[in-house]
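Each chain is listed here by its residues.
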2 protein chains.
Amino acid sequence: MIADSDHDVVMSASRRARELTEPVLRAAVGRLGGALAGIGAYHFGWQSGDSFAAGKAIRPTLAVLAAEAVGGAPSDAVPAAAAAELVHNFSLIHDDIVDGDELRRGQPAVWKAYGVPAAILIGDALHSEAFGVLLGGSGPNTGAAAAERLAAAMREMAIGQVEDIRFTERPWAGEHAVRIAEYEVMAVAKTGALLGFSASAGALLAGADDAVAGCFDRLGRHLGLAFQCTDDVLGIWGDPTATGKPVFGDLREGKKTLPIIAALAAETPASSRLVALLDAGLRTDADLRLAAQLVEDAGGREFTEREAARHLTGVADCLASVPMPAEIRAGFEALGRSLIGRIR
Amino acid sequence: MIADSDHDVVMSASRRARELTEPVLRAAVGRLGGALAGIGAYHFGWQSGDSFAAGKAIRPTLAVLAAEAVGGAPSDAVPAAAAAELVHNFSLIHDDIVDGDELRRGQPAVWKAYGVPAAILIGDALHSEAFGVLLGGSGPNTGAAAAERLAAAMREMAIGQVEDIRFTERPWAGEHAVRIAEYEVMAVAKTGALLGFSASAGALLAGADDAVAGCFDRLGRHLGLAFQCTDDVLGIWGDPTATGKPVFGDLREGKKTLPIIAALAAETPASSRLVALLDAGLRTDADLRLAAQLVEDAGGREFTEREAARHLTGVADCLASVPMPAEIRAGFEALGRSLIGRIR
């Protein structure tokens, strides 16, 4: 469980980040004009008058904490926070088309509500706006350095997404099976790079040099991996009432996530039974239950939880290398614990 | 017809621009890694070992000419030229999904060859690379100013594309009909903004100030409109053996292009007959021939050709306001004439 104090610290930091970022997001979406602005407002859930308060706003929170860590004002980080949030949302909109996911945040995904062409175009527009908010600020130099980091992070994201899709075409076992190291490279690219951008760009905009920004980039990547490991555990053993996803969801979808890859790589007797079961196809609820048990017996769950903890240690190492106020350090630590706390 | 000397001048300028730009494009696509790089190479037609020599490379050509106009080296313009070409191609890939177009440059469009998910992802990756090539150069300041112009131009492109789609849902006549001014705003956004970026960013990277860059932005927009007007004329009356598109193509597809909008707005007897025919639907070849004749009788063709010429005058006005070497001015003029020369 997440300690109450962690929860309070994270909520307070994320509320501050959201309140600063949301006006910039609304202005960016508004600049797209009538039709696109309406679709954007639908996606962000603004039509009901609500803010995007439902989310943890982890990317804006990271950007703001990083700016504060290096002695800047929270507002320094806002272009980075808004850019990260625009990219995250553009990527959700396009991913939902790519994956055929029909629901997003409890409502029909943009492509279901407005059609694939509109979903492609609003995603493209948000993508450009991300660069627009970074480059349109008053400090062109730092904005440019941050935008260059964003372009690099987005290249990684695209490569990671394609890798993830290609994993589905590979066998469960044998020389072409997905290896643990390959999975982690993919996960860093797909999830970690944008978190790394959020933190490093927040620091840069607050005046940090490139070396310090690099520390925050690594911090964000470790957080991303810790988050992904946790998600992978929840994707099999998560409580559907808490995750909003079906029980054994990732097994049902045949996803090659870390617990499964690690279980198969362990080459235990349970690993061999798991390969046979996966190759035959998981047809019944009993198959799913057995597969989950075999992943656990082969050590896949424990390995993944240890990886999550290891990446939190990586976060701590990054924090140790940059002097910062104690309460900001505590904010980062609480954020990290809250990400993996979902499985503790 | 295009004068032979214009043709030679344009071909020589565009060859120079292509030779400088293509290595940067190939490197940018290569950085996307195995799967995406292969799809990118397919789209650009590099798999056969050919360059993208088939095209006129109008955007790189504009960027290089603008850099030379302000006293820079052709190579100064290369990041702008490559960014414009990456955006142009990303937008073709996504547009082909949006419009359901199955062919591009004589081969299956990316979404037909690799599927919609891959086409979305490669488009997104090229989109980010455009910012990457602008911001990754050695001159961060000018790169940032150019990238900010790119983000603004891409916002306009997205708005223009959505407007264009929404035009199809509007009636041919009455108070909700598409007006000439609305059409031109859409066409500037959809086509002109990126040409304006190409020219202005080429000038900026070669050291021009913002006012001069603004002149080149207007020049590009006028060229874009001249190009669009010409395309609209060819879309109805073009020779299929030259355009590669079916005769009366835009009428077949029910597109609301400038000749038709102008013909309907003219309120001549031919305009009234045209409305009735369009409302009833163009079912036969005889219907298409009659509709084309009525557009011409109502003055739609003449109006559009005059608009193309008027925008070339706009190009000349821009050229007159910036001192430049005579041969560079001649290059811009020849490029303009070659764009509308297709209908002369």
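Scoring rules and cut-offs
Residues numbered from 1 in each chain as written. Chains lettered and ligands numbered in written order. Predicted model: local features only at pLDDT ≥ 70, side-chain atom pairs only at ≥ 80, totals over all residues. Heavy atoms only, no water. UniProt positions renumbered as here; feature names shortened; annotations may be inferred. Salt bridge = Lys/Arg side-chain N within 4 Å of Asp/Glu carboxyl O. Helix = DSSP H or I, 4+ residues; strand = E, 2+ residues; numbered from the N terminus. Buried < 20%, exposed > 50% of the residue type's maximum accessible area, 1.4 Å probe, protein only. pLDDT = per-residue confidence, 0-100. Contact = heavy atoms within 4.5 Å. Buried area = accessible area lost by both parts, 1.4 Å probe. Polar contact = N/O pair within 3.5 Å; in protein donor to acceptor, adjacent residues only side chain to side chain. Nonpolar A, V, L, I, M, F, W, Y, C, P; charged D, E, K, R; others polar. Expected span 1.5 Å × (residues − 1). Least-squares fit on C-alpha atoms with pLDDT ≥ 70 in both.

If you check an unreviewed UniProt entry, chain A appears there as Dimethylallyltransferase from Saccharopolyspora thermophila. UniProt, in its Sequence similarities (unreviewed entry) section for chain A, records the words "Belongs to the FPP/GGPP synthase family."

Student: Teacher, can you tell me more about the pattern of salt bridges here?
Tutor: When charged atoms on two side chains of opposite charge get close, those side chains can pair. Overall, the coordinates contain 43 salt bridges over all chains when judged by the stated rule. In this structure, Glu184 of chain A and Arg310 of chain A form a salt bridge, with 3.6 Å as the shortest nitrogen-oxygen distance. Highlighted residues: Glu184 of chain A in helix α8 (residues 180–205) and Arg310 of chain A in helix α15 (residues 300–320), separated in sequence by 126 residues. In this structure Arg310 of chain A comes out as partly exposed when scored by relative accessible area, which is 43%. Arg337 of chain B is the partner of Asp6 of chain B in a salt bridge, and the nearest nitrogen-oxygen pair spans 2.6 Å. Of the two residues, Asp6 of chain B sits in helix α1 (residues 4–30) while Arg337 of chain B sits in helix α16 (residues 326–341), which places them 331 residues apart along the sequence. Residue classification places Asp6 of chain B among the buried residues on the basis of a relative accessible area of 7%. Through salt bridges with shared partners, a single network forms among Arg31 and Glu129 of chain A together with Arg155 of chain B.

Student: Even after reading the chapter, I still don't get the confidence of the model for chain A, so can you show me in this structure?
Tutor: Interpretation of the predicted coordinates at a detailed level should be avoided for regions scoring low in pLDDT. Looking at chain A as a whole, the pLDDT averages 91, with 94% of positions reaching at least 70. When pLDDT is averaged over each helix and strand of chain A, the minimum, 78, is found for helix α10 (residues 240–243) of chain A and the maximum, 97, for helix α12 (residues 258–265) of chain A.

Student: Sorry, what's going on with the interface of chain A and chain B here?
Tutor: Bring the parts together and some accessible area is lost; that lost area is often taken as the interface size. Taken together, the contact pairs 35 residues of chain A with 35 residues of chain B. Counting the surface lost from both chain A and chain B, the interface buries some 3,100 Å², and carbon and sulfur atoms represent 72% of this. Three residues, Leu121, Leu135 and Arg155 of chain A, lead the burial of chain A against chain B; their summed loss comes to 19% of the area buried on that side. Where chain A packs against chain B, one counts 2 salt bridges. Glu129 of chain A is the salt-bridge partner of Arg155 of chain B, the closest N and O atoms lying 2.5 Å from each other. Taken together, chain A and chain B are joined by 7 residue pairs in polar contact (both at pLDDT 80 or more). When residues in the side of chain A that touches chain B are grouped by element, the largest group, 14 residues, is from helix α7 (residues 140–167) of chain A. Residue composition of the side of chain A that touches chain B, by class: 21 nonpolar, 8 polar and 6 charged.

Student: What exactly am I supposed to notice about helix α13 (residues 269–280) of chain A here?
Tutor: One turn of an α-helix holds 3.6 residues; hence residues three or four places apart share an orientation. Residues and elements named next belong to chain A. For α13, spanning 12 residues, the distance from its first C-alpha to its last is 17 Å, which sits close to the expected 16 Å at 1.5 Å a residue. Buried within α13 are the following residues: Ala270, Ser271, Leu274, Val275, Leu277 and Leu278. Where the residues of α13 are buried, they touch α12 and α14 (285–297). In the segment just after α13, Gly281 is the residue with positive phi, at about 100 degrees.

Student: Explain the relation of the copies chain A and chain B here, please?
Tutor: Here the second copy of the chain follows from the first by a rotation about an axis and a shift along it. Screw-axis analysis of chain A against chain B gives a translation of 0.0 Å along the axis, an RMSD of 0.0 Å, and a rotation angle of 180 degrees. The two molecules are tied by a two-fold rotation axis, judged by turn and shift. Residue Ala144 of chain A, judged by its C-alpha, is the member of chain A lying nearest the rotation axis, at 2.6 Å. Most of the interface of chain A is mirrored in chain B, where 100% of its interface residues again form contacts.

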